[in-house]
Amino acid sequence: DSGVTQTPKHLITATGQRVTLRCSPRSGDLSVYWYQQSLDQGLQFLIQYYNGEERAKGNILERFSAQQFPDLHSELNLSSLELGDSALYFCASSPSGMGETQYFGPGTRLLVL
Amino acid sequence: GESVGLHLPTLSVQEGDNSIINCAYSNSASDYFIWYKQESGKGPQFIIDIRSNMDKRQGQRVTVLLNKTVKHLSLQIAATQPGDSAVYFCAENGMIYNQGGKLIFGQGTELSVKP
């Protein structure tokens, strides 16, 4: 157990819908990261937050957004969902967000029908 | 460009043998590398890391070797056990691209351990 928690574990929804994925980092970690894992793209970095502020952005779609709250938990919002958004979404956390090990949560499996 | 690649997509070994998983990285300025293990249905699990000022680092039954000359990283698992069966990813820290703590992952190697 990495100490990173994610909810829900599974999510099934329809195209065009909007969903919110939630992540709680390890105790003491200030930085949260979101990754998408699909069969054809592998593990891809989406976005990083540090202490409530966006620090780095990957190839995150405009339909996707995230935020980190004062209690350091983070949410990833996915809107206007398409079939291709079906994937595993992982959250990771680290203490400072600067070139260090990231610890991953168990992931949320999203299926868009 | 940004790429960390694995040489072999699948590796099958006999229980008790040693396993070697390889990874190539593209940026000679990369300074931090991590190996992760991912079991089916789970998130990536940290195994071992290494910084560019080191050539070798050992953990429990695992060793990571870094060859900066040819930009190559390897993970050695001693006395491989059935519980080692998983997909192994190397990852490069993206700080050198001035992109915060982004990790760039390789494609992954699936390790299968035969009893």
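Coordinates for the structure precede this section.
In short, a report on the structure. Fair warning: this is a prediction, and the values are worked out from it, not measured in the lab.

A short note on the overall build of chain A
Right, on to step 1. When its secondary structure is counted, chain A shows 0 helices and 11 strands.
Right, on to step 2. Ordered by position in the sequence, the α and β elements of chain A form the string β-β-β-β-β-β-β-β-β-β-β.
Right, on to step 3. Computed over C-alpha atoms, the radius of gyration of chain A comes to 13 Å, within 12% of the 13 Å expected from 2.2 N^0.38 for 113 residues, which places it in the range of a compact globule.
Right, on to step 4. C-alpha extents for chain A along the principal axes are approximately 40 × 30 × 25 Å.
Right, on to step 5. Out of the 113 residues in chain A, the part that is buried amounts to 53%.
Right, on to step 6. Put simply, 55% of the contacts in chain A that link residues at least 6 apart link residues at least 24 apart.
Right, on to step 7. Chain A carries 8 positive and 11 negative side-chain charges, and their two centres are separated by 3 Å.

Here's the deal with the pairing of strand β3 (residues 19–25) of chain B
Residues and elements named next belong to chain B.
Right, on to step 1. Going residue by residue along β3, you find S19, I21, C23 and Y25 tucked away on one face and I20, N22 and A24 left uncovered on the opposite face.
Right, on to step 2. Two strands pair when backbone bridges link them, and β3 and strand β8 (residues 72–77) are joined in this way by 6 bridges, in the antiparallel orientation. Bridge pairing links N22 to S74 in β8.

Side note on the side chain of Q48(A)
Right, on to step 1. With respect to the secondary-structure elements, Q48(A) resides in strand β5 (residues 42–50).
Right, on to step 2. Side-chain polar atoms of Q48(A) contact the side chain of S31(A), separated by 3.0 Å.

Observations concerning the sheet that holds strand β8 (residues 74–78) of chain A
All names here are of chain A.
Right, on to step 1. Here we have 4 strands laid out as an open sheet, ordered β1-β3-β8-β7, and antiparallel in their pairing. The sheet is open, and its two edges are formed by β1 (5–7) and β7 (64–68), each paired on a single side. Adjacent strand axes in the sheet meet at a mean angle of 15°, parallel and antiparallel pairs treated alike.
Right, on to step 2. As paired elements, strand β3 (residues 19–24) and β8 share 5 bridges and run antiparallel to each other. Paired with R22 across the bridge in β8 is E75.

What to know about the packing of aromatic side chains
Right, on to step 1. Tallying each qualifying case throughout the model produces 11 aromatic pairs over all chains.
Right, on to step 2. Taking the centre distance of 6.0 Å and the plane angle of 55° together, the rings of Y103(A) and F46(B) count as tilted. Of this pair, Y103(A) sits in strand β10 (residues 103–104) while F46(B) is found in strand β5 (residues 45–51), placing the two residues in two different chains.
Right, on to step 3. Its relative accessible area of 25% is what places F46(B) among the partly exposed residues.
Right, on to step 4. Between F104(A) and Y36(B), the ring centres sit 5.2 Å apart and the planes meet at 85°, which makes this aromatic pair edge-to-face. Of this pair, F104(A) sits in strand β10 while Y36(B) sits in strand β4 (residues 32–38), which puts the two residues in different chains. An identical accessibility class is assigned to F104(A) and Y36(B); each is buried.
Right, on to step 5. Joined through ring pairs, the aromatic side chains of Y35(A), F45(A), F90(A), F104(A), Y36(B), F89(B) and F105(B) make up one cluster.
Right, on to step 6. Here R55(A) stacks its cationic end above the ring of Y50(A), 4.4 Å away from the centre of that ring.
Right, on to step 7. In this structure, R51(B) is placed above the aromatic ring of Y32(B), and the distance from its NZ or CZ to the ring centre is 4.0 Å.

Concerning the interface of chain A and chain B
Right, on to step 1. Counting from both sides, the interface comprises 20 residues of chain A and, opposite them, 20 residues of chain B.
Right, on to step 2. Where chain A meets chain B, there are 0 salt bridges.
Right, on to step 3. Our count for the contact surface shared by chain A and chain B stands at 5 residue pairs in polar contact (both at pLDDT 80 or more).
Right, on to step 4. Its residues placed into classes, the side of chain A that touches chain B shows 10 nonpolar, 7 polar and 3 charged.

Considering the state of the cysteines
Right, on to step 1. Counted under the stated rule, the structure contains 2 disulfides over all chains.
Right, on to step 2. Between the sulfur atoms of C23(A) and its disulfide mate C91(A) the distance is 1.8 Å. With the S-S dihedral at roughly -55°, the linkage between C23(A) and C91(A) falls on the left-handed side. Linking C23(A) in strand β3 with C91(A) in strand β9 (residues 87–94), this pair joins segments that are 68 residues apart in sequence.
Right, on to step 3. Classification of C23(A) as buried rests on a relative accessible area of 0%.
Right, on to step 4. Paired through a disulfide, C23(B) and C90(B) show a sulfur-sulfur distance of 1.9 Å.

Definitions and cut-offs
Residues numbered from 1 in each chain as written. Chains lettered and ligands numbered in written order. Predicted model: local features only at pLDDT ≥ 70, side-chain atom pairs only at ≥ 80, totals over all residues. Heavy atoms only, no water. Helix = DSSP H or I, 4+ residues; strand = E, 2+ residues; numbered from the N terminus. Rg over C-alpha atoms; globule rule 2.2 N^0.38 Å. Buried < 20%, exposed > 50% of the residue type's maximum accessible area, 1.4 Å probe, protein only. Contact = heavy atoms within 4.5 Å. Lys, Arg positive; Asp, Glu negative; His and termini not counted. Charge placed at Lys NZ, Arg CZ, Asp CG, Glu CD. Pairing = 2+ DSSP bridges. Polar contact = N/O pair within 3.5 Å; in protein donor to acceptor, adjacent residues only side chain to side chain. Axes fitted to C-alpha atoms, helices over the stretch in contact; angles between N-to-C directions. Phe/Tyr/Trp six-rings, centres within 6.5 Å; stacked < 30°, edge-to-face > 60°. Lys NZ or Arg CZ within 6 Å of the ring centre and 35° of its normal. Salt bridge = Lys/Arg side-chain N within 4 Å of Asp/Glu carboxyl O. Nonpolar A, V, L, I, M, F, W, Y, C, P; charged D, E, K, R; others polar. Disulfide = S-S within 2.5 Å.

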